Amino acid sequence: MECVVQGIIETQHVEALQVLLQGLCGGRQEKLKIHEICLKSGTNLGVEASEVHLLCSLSQTDPVWTVRHVGGPMRGAGAEQLPAHVRSVLESSISSNALRFFYALGYKMDYELVRIGYVFQFQRVVPITVTATMLCKVPKLHAIDEAIPVTPGIQLVELTAPASTENYSEAVGAISSFAEHLAPLIHLSKPGVPTGVVPTASTAAASLVSRGAMKVS
Amino acid sequence: MPVKWLCYWQPSGGTTVSSQVLVDLIKSIESMNGVRSGRWQVTASQHRPIRRDQAVQVECARELLGVAFSEAPNKYYFVLRPDHMVVEADSTIQSIMENLQVYRNHLTVVFEGFQYQLGDFHVKAGRAVIAHSENLRGIVLEVEYLPVSSLGKTHQLMQEFVDIWQEVAAQSMTGRIVHLEPNFGDYSLSDQYSWQHTALQYISLMVHFLSQRTN
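Residues numbered from 1 in each chain as written. Chains lettered and ligands numbered in written order. Predicted model: local features only at pLDDT ≥ 70, side-chain atom pairs only at ≥ 80, totals over all residues. Heavy atoms only, no water.

A. Highlighting the interface of chain B and chain A. Each partner contributes residues to the interface: chain B has 34 residues there, and chain A has 28 residues. Both faces combined, the contact of chain B with chain A buries some 2,500 Å², and carbon together with sulfur accounts for 61% of it. Considering only the surface of chain B that becomes buried against chain A, R52, I96 and L100 of chain B emerge as the three largest contributors, covering 26% of it. In this assembly, chain B and chain A are joined by one salt bridge. Run the count over chain B and chain A and you get 14 residue pairs in polar contact (both at pLDDT 80 or more). When residues of the side of chain B that touches chain A are traced back to their parent elements, those giving at least two are β4 (72-80), β5 (85-90) and α2 (93-100) of chain B. (Contact = heavy atoms within 4.5 Å. Buried area = accessible area lost by both parts, 1.4 Å probe. Salt bridge = Lys/Arg side-chain N within 4 Å of Asp/Glu carboxyl O. Polar contact = N/O pair within 3.5 Å; in protein donor to acceptor, adjacent residues only side chain to side chain. Helix = DSSP H or I, 4+ residues; strand = E, 2+ residues; numbered from the N terminus.)

What follows is the structure in structure tokens.
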């Protein structure tokens, strides 16, 4: 399981977000480039239609493949009150013939995209991962080098934390609390809940960047 | 990773394999000064696609074969024979496949027994049974040569070891040790031995045992 909140930020403010994250958690920032392929089960296959994602991390020298299955968000009155989505997530590393494997099992590609950006990981009660990525569409089949941004100038920011049925309240509290620290730059909420950019983000960003520059010099 | 040869006991014409064969083979290992070093288990499964409407065909593999090793508990392997594909994944892939509900387990074969150390060799001897039954499908023998990972470089040495074992076993048993050697090249597996090679060997042996008639 994982908890997740997300929001959008203008690309010009991502540097300020990095300064803020470094200041808050001192975590290591790593580059992120992921080729994501969404696969859907073929007609009549399976108990019901299903979807699985193949992720190929292109940040390392050798590509690393992962298969990811995301379940629906937790439901019920209690879940509605939570400030974050809690959903089941299963991941497995998989050999590089993963796409051919799932095609052979009857899956078909629904879409593919490339995510380019940064990832921060640190510990605040629970392990928290922050990603800021540009989503890019792939114009021709698997032509990832020709990927172009879906929304130039806007990036997606996600906060996630692993959770279990025993501790999901704690995990939700941890990422909600951390999200408040990022409020000057970005509004984070449950996926699917539109938030828009923060109107005063430019002012906050300018302040952060100049403070970051002063620290360096 | 050290090279492994996977073999099975072929009883002589007119006889069937039995648990006594395994007892005798273990005695033959011990007579060669093999030192017992533990138990082992390999679980191989055959899965079939699930069709919502039985009357409608589905474009997918008719059979998905999977295997897990007690020696490598964090990994799971799939083999698709018509596609000549071996897939390696974390053991969590099993939970993912269960959640996807596209293939259903049809049959599981459990290989299990004892392992022995003989110098630079590890030897396993065990039986293959259909899970949740005592339906014995075969006797399995595995020879592992620890120092070398190259299939080509170890071929002669492994053959000599199996020949010696055959001679020892023949003193009290009728039948022979048969080496099962899949065409690794067909599956794009290299000369350097790996768990993917082992997965293909055990899946091939499961397929062989299931194709044999039983009494």
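B. How the structure looks around the pairing of strand β1 (residues 2-10) of chain A. Residue and element names in this part refer to chain A. Where β1 and strand β5 (residues 85-94) come together, three bridges link them in antiparallel fashion. Counterpart to V4 in the pairing with β5 is H85. Pairing of β1 with strand β9 (residues 154-162), which is carried by nine bridges, proceeds in the antiparallel orientation. When the sheet's bridge partners are listed, V5 is paired in β9 with L159. (Pairing = 2+ DSSP bridges.)

C. Region of interest: the pattern of salt bridges. One pass over the full model with this rule turns up 17 salt bridges over all chains. Put simply, K40 of chain A and E51 of chain A hold a salt bridge, and the shortest N to O gap is 3.8 Å. Here E51 of chain A lies in strand β3 (residues 51-57) and K40 of chain A lies in strand β2 (residues 28-41), a separation of 11 residues in the sequence. Looking at K40 of chain A, the relative accessible area reads 36%, which means it is partly exposed. Take E51 of chain A: its relative accessible area is 32%, and that puts it in the partly exposed class. With its nearest N and O atoms 3.9 Å apart, the salt bridge here joins K4 of chain B to E144 of chain B. (Buried < 20%, exposed > 50% of the residue type's maximum accessible area, 1.4 Å probe, protein only.)

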